[in-house]
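# An overview of the molecular structure
In case you want the letters, here they are:
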Amino acid sequence: MKTALFSFKPYDRTYFDRYAAEYNQEISYFENRLDQRSAELARGHQAVCAFVNDQLDREVLKRLAELGVKLISLRSAGYNHVDTDAAQELGLSVVRVPAYSPHAVAEHAVALILTLNRKIHKAYNRVREGNFALDRLEGFDLYKKTVGVIGTGKIGQVFSTIMQGFGCRVLAYDPYPNETLQQQGVTYVSIEELFRESDVVSLHCPLTPENHHLINASSLRQMKDGVMLINTSRGALIDTKAILNALKKRKVGYLGIDVYEQETDFFFQDLSEEIITDDTLMRLISFPNVLITSHQGFFTEEALTEIARITLQNLTDYERGEFTDANTVVRG
């Protein structure tokens with residue numbers, strides 16, 4: 001089966017080429033982000049492989065169906081960028097990679113916490129300039145702090161366990177409590193109590209219409225003054241304007257994000273010689289207590305291997321008329 005892989009980066013080719021022959025799959029690589037203009041590149045392919053910032057709305061899906069595409073294979077866990085109703089109506093199947101490496105994302109969240117807290121990025125730059133002073137590098141012990149985890153799926157579970165290893169009290173909110181976490185001492189509470197009690201709040205939930213802007217002016221008011229907020233899930237979980245206001249008022253003491261509401265036009269690209277016109281993003285970057293990484297939480301050797309292998313297995317399963325329930329979003 002011929003598959004058009006969009007938003008291709010060199011590392012995608014490295015891992016997909018390594019395993020494609022093993023799964024007897026033919027991959028065409030396109031640097032273009034998938035949208036209405038680039039959809040034409042899928043002509044002659046039976047499947048499209050898309051990433052998190054590709055556009056998969058009704059119009060794009062309709063054009064892909066007209067071109068003979070039958071399968072949308074996501075090389076990501078989230079699928080909020082896919083119009084699943086339209087896919088169903090058009091007879092398109094949609095599959096994903098639900099668990100490529102929960103450790104990769106969870107560990108990146110912890111890296112954001114430690115870097116922000118101990119100001120590692122600032123210390124690194126100081127020392128390179130010959131400045132060995134410690135002024136304004138003061139942090140705090142994570143030991144005995146309260147960490148609130150919103151979403152305790154595979155990534156949230158790993159993150160919670162790591163934070164317990166630091167000696168933290170871990171509170172969790174999830175409509176479906178994780179029994180394993182409960183047994184190891186994680187306490188499930190209401191989201192209001194989690195906001196009130198937590199020194200650190202970390203988001204590990206998918207983006208749905210119900211939790212869009214979960215972190216907003218109202219929820220921020222419920223949090224401790226100086227709270228640390230971490231988001232390695234989806235940008236739109238946070239109302240960015242509300243966060244800016246909370247940072248200015250020092251309600252939020254630290255912000256670490258690997259995702260951003262309007263990241264589509266910026267992340268995964270080198271814009272170092274360009275003028276970035278997103279005033280909100282530039283305002284966030286200007287805060288000394290904000291740390292932004294460009295959606296790299298997934299970016300480990302183990303995760304990239306799993307993404308390639310599971311995606312290729314999804315393509316093979318589709319050819320055979322087989323579906324793995326956990327990997328299937330829509331069966332066309």
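Scroll up for the structure.
The text that follows walks through the structure, step by step, so that each part is easy to find. (Residues numbered from 1 in each chain as written. Predicted model: local features only at pLDDT ≥ 70, side-chain atom pairs only at ≥ 80, totals over all residues. Heavy atoms only, no water.)

### A closer look at the pairing of strand β6 (residues 146-150)
Where burial is concerned, most of β6 is hidden: five out of the five residues are buried. Both faces of β6 are covered, namely the face carrying T146, G148 and I150 and the face carrying V147 and V149. Both β6 and strand β7 (residues 169-173) contribute to a ladder of five bridges, which runs parallel. Note that in β7 the partner of V147 across the bridge is V170. Where the polypeptide runs from β6 across helix α6 (residues 154-165) and back to β7, its parallel neighbour, the crossover connection is right-handed. (Buried < 20%, exposed > 50% of the residue type's maximum accessible area, 1.4 Å probe, protein only. Helix = DSSP H or I, 4+ residues; strand = E, 2+ residues; numbered from the N terminus. Pairing = 2+ DSSP bridges. Right-handed = clockwise from strand over helix to strand, strands pointing away.)

### Brief notes about the sheet that holds strand β5 (residues 93-95)
The strands that make up a sheet pair up through hydrogen bonds in the backbone, lying either parallel or antiparallel. Spatially, β2-β1-β3-β4-β5-β13 is the arrangement adopted by the six strands of the open sheet, whose pairing is mixed. For this open sheet the edge positions go to β2 (26-29) and β13 (328-330), each flanked by a neighbour on one side alone. Between one strand axis and the next, the sheet turns by 25 degrees as a mean value, whatever way the strands run. Two elements, strand β1 (residues 2-5) and β2, share four bridges in a ladder whose sense is parallel. Residue pairing for β2: L5 is matched across the bridge by Y29. On top of the sheet, helix α12 (residues 301-319) reaches β1, β2, β3 (47-50), β4 (71-74) and β5; it is set at about 160 degrees to β4, its chief contact. (Axes fitted to C-alpha atoms, helices over the stretch in contact; angles between N-to-C directions. Contact = heavy atoms within 4.5 Å.)

### Focus on empty space enclosed by the protein
Under the definition given, this model contains three cavities of 30 Å³ or more. Its boundaries defined by the atoms lining it, the largest cavity holds a volume of some 80 Å³. Forming the boundary of the largest cavity are N231, G235, I238, T240, I243, L255, I257, V259, Y260, E261 and L284. Here the second largest cavity is characterised by a volume of approximately 50 Å³. In terms of lining, the second largest cavity is formed by Y11, D12, Y15, F16, F51, R75, F298, L304 and I307. For the lining of the second largest cavity, the secondary structure elements donating two or more residues are α1 (10-20) and α12. The element best represented in the lining of the second largest cavity is α1, accounting for four residues. A breakdown of the residues in the lining of the second largest cavity according to their chemical character gives seven nonpolar, no polar and two charged. (1 Å grid on protein atoms, 1.4 Å probe; cavity = no way out; pocket = protein on both sides within 12 Å on 5 of 7 lines; lining within 4 Å. Points joined across faces, edges and corners; volume = space filled by probe spheres on them. Nonpolar A, V, L, I, M, F, W, Y, C, P; charged D, E, K, R; others polar.)

### Remarks on the packing of aromatic side chains
The tally for this structure, following the rule as stated, stands at eight aromatic pairs. Here F140 and Y254 contribute two aromatic rings whose centre-to-centre distance is 5.8 Å and whose plane-to-plane angle is 65 degrees, an arrangement assigned as edge-to-face. Of the two residues, F140 is situated in the loop between α5 (120-128) and β6 and Y254 in strand β11 (residues 252-257); the sequence distance between them amounts to 114 residues. Three or more aromatic residues joined by ring pairs make a cluster, and in this case those are Y11, F51, F268, F298 and F299. Between R18 and the ring centre of Y15, over which it is positioned, the NZ or CZ distance is 4.8 Å. (Phe/Tyr/Trp six-rings, centres within 6.5 Å; stacked < 30°, edge-to-face > 60°. Lys NZ or Arg CZ within 6 Å of the ring centre and 35° of its normal.)

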